[in-house]
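# Understanding the architecture of this molecule
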Amino acid sequence: MSRQQQLEYSEFQAAMLDEDKRRRKAAKIIAVLEHFHGPLAGLTVGDVGCSAGFIADELADAGAKHTLGIDIDVPGLRKAADRFGERVAFICGDGTALPFPDGSIDVLVFNHIYEHVVDPDAVVAEMHRVLSDDGVLYLGLGNRLGVMEPHYKLPFLSYLPPSLADRYVRAFGRADHYYERFRTRRGLKRMLRAFHVWDYTFPVLATPGRFAGGELFAGLPGKVARAVLAKTPREVLKLLLPLVPTYLWVATKTPRRPRGAALPQPPEKVL
């Protein structure tokens, strides 16, 4: 079966309308961007795959001069425009043909979107085109080898070929088809080979409070996990990278380095 665009995505994925969760994600995104780039004040910022607009609204609240939300999810865009349209421009548009001039966007957010689109390589190429030479792209990227599939909560689902994955989600009553297509870390690096990329995965896990990610590790077990992650040598942590469920990367068109303060587990160059 050929893949089709996932229209009206917010209508069948309730997580897109979970305002508290989406705003917590936005706080983490903004903290990572500010550590790498500095404040967003005065910048033109775009959220590619914005759906109901909660992350775009937080980007506007962080001081962006112009905030843009782009998606093909018409019901989500309507909800977004009704609530946040006074300070965010929401656009119904395809990520493979972004309606912006070359080099016109200072910051782009592409958070857990690539697995849903038909041609993620084309979307990445478009983001490269519209990003300014000193611009920054935030990427939340699911890993095919993450054990628990994040959308349907079925172990090893993303490991399977499409026909078997379809049967798996149907057998558990989660969906008629498994639409999402994840890539491994190697595949993600290949997808982003035109960029310079820094990995913020371990910095966020080791110091979640610094990146508005305090809910990642709760209670005493969380305190222990943070301490272990903060002190474990990076060479040891690297052994876990192929199985990390989500990568948090920052990409630029030209070589740059993070501007923020030193961290127990610092960002590391990927590409």
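Everything below is about the structure printed above this text.
These numbers come from a predicted model, not from an experiment. (Residues numbered from 1 in each chain as written. Predicted model: local features only at pLDDT ≥ 70, side-chain atom pairs only at ≥ 80, totals over all residues. Heavy atoms only, no water.)

### Observations concerning the packing of aromatic side chains
- Taken as a whole and judged by the stated rule, the model has seven aromatic pairs.
- When the centroid spacing of 6.0 Å and the interplanar angle of 80 degrees are considered together, the rings of Y200 and F211 count as edge-to-face. Here Y200, found in the loop between β6 (196–199) and α8 (201–206), pairs with F211, found in the loop between α8 and α9 (219–231); they are eleven residues apart in sequence, far enough to count as distant.
- Given a relative accessible area of 0%, Y200 falls into the buried group.
- Ring geometry for Y247 and W249: centres 5.6 Å apart, planes at 25 degrees, overall stacked.
- Looking at R185, its charged tip hangs above the ring of Y247, at a distance of 5.0 Å from the centre.
- Across the ring face of F211, the terminal group of R210 is positioned such that the distance to the ring centre comes to 5.2 Å. (Phe/Tyr/Trp six-rings, centres within 6.5 Å; stacked < 30°, edge-to-face > 60°. Helix = DSSP H or I, 4+ residues; strand = E, 2+ residues; numbered from the N terminus. Buried < 20%, exposed > 50% of the residue type's maximum accessible area, 1.4 Å probe, protein only. Lys NZ or Arg CZ within 6 Å of the ring centre and 35° of its normal.)

### Points about the packing of helix α2 (residues 19–36) against helix α3 (residues 54–61)
- The geometry of α2 relative to α3 is characterised by a closest axis approach of 8 Å and an angle of 45 degrees between their N-to-C directions. Judged by the inter-axis angle, α2 sits oblique to α3. The two elements α2 and α3 meet at a crossing, and its hand is right-handed. In this structure, α2 uses E19, R22, R23, A26, I29 and I30 to contact α3, whose residues at the interface are F54, I55, D57, E58 and L59.
- Broken down by class, the residue content of the contact of α2 with α3 amounts to six nonpolar, no polar and five charged. (Axes fitted to C-alpha atoms, helices over the stretch in contact; angles between N-to-C directions. Parallel < 35°, antiparallel > 145°, perpendicular 65-115°, else oblique. Left-handed = near helix turned anticlockwise from the far one by under 90°. Contact = heavy atoms within 4.5 Å. Nonpolar A, V, L, I, M, F, W, Y, C, P; charged D, E, K, R; others polar.)

### Things to note about the state of the cysteines
- What the rule picks out here adds up to zero disulfides.
- Of all cysteine sulfurs, the one in C92 lies closest to C50, which takes part in no disulfide; the gap is 9.5 Å. (Disulfide = S-S within 2.5 Å.)

### A word on the side chain of T67
- Within the secondary structure layout, T67 lies in strand β2 (residues 66–71).
- Note on T67: relative accessible area 4%, which makes it buried.

### Structural notes on the nonpolar core
- If you look at the biggest cluster of nonpolar residues, it comprises 42 residues, and the most contacted ones within it are F110, M127, L137, L141 and W249.
- Elements represented by at least two residues in this core include exactly β2, β4 (105–111), α5 (120–130), β5 (131–142), α6 (162–171), α7 (185–191), α8 and β7 (246–252).
- Sequence-distant contacts of L137, defined by excluding residues within four places in its chain, comprise L108, F110, M127, L131, F195, W249, V250 and A251.
- One finds F36, V45, V250 and L263 within the second-largest nonpolar core, a separate group that totals 24 residues. (Core = buried A, V, L, I, M, F, W, Y, C linked by side-chain atoms within 4.5 Å.)

### Brief notes about the pairing of β6
- Taken together, the four bridges between β6 and β7 define a ladder with antiparallel strand orientation. Along β7, the bridge assignment pairs W198 with V250.
- Note: β6 against strand β8 (residues 268–269), two bridges, orientation antiparallel. Bridge pairing in β8 links D199 to E268. (Pairing = 2+ DSSP bridges.)

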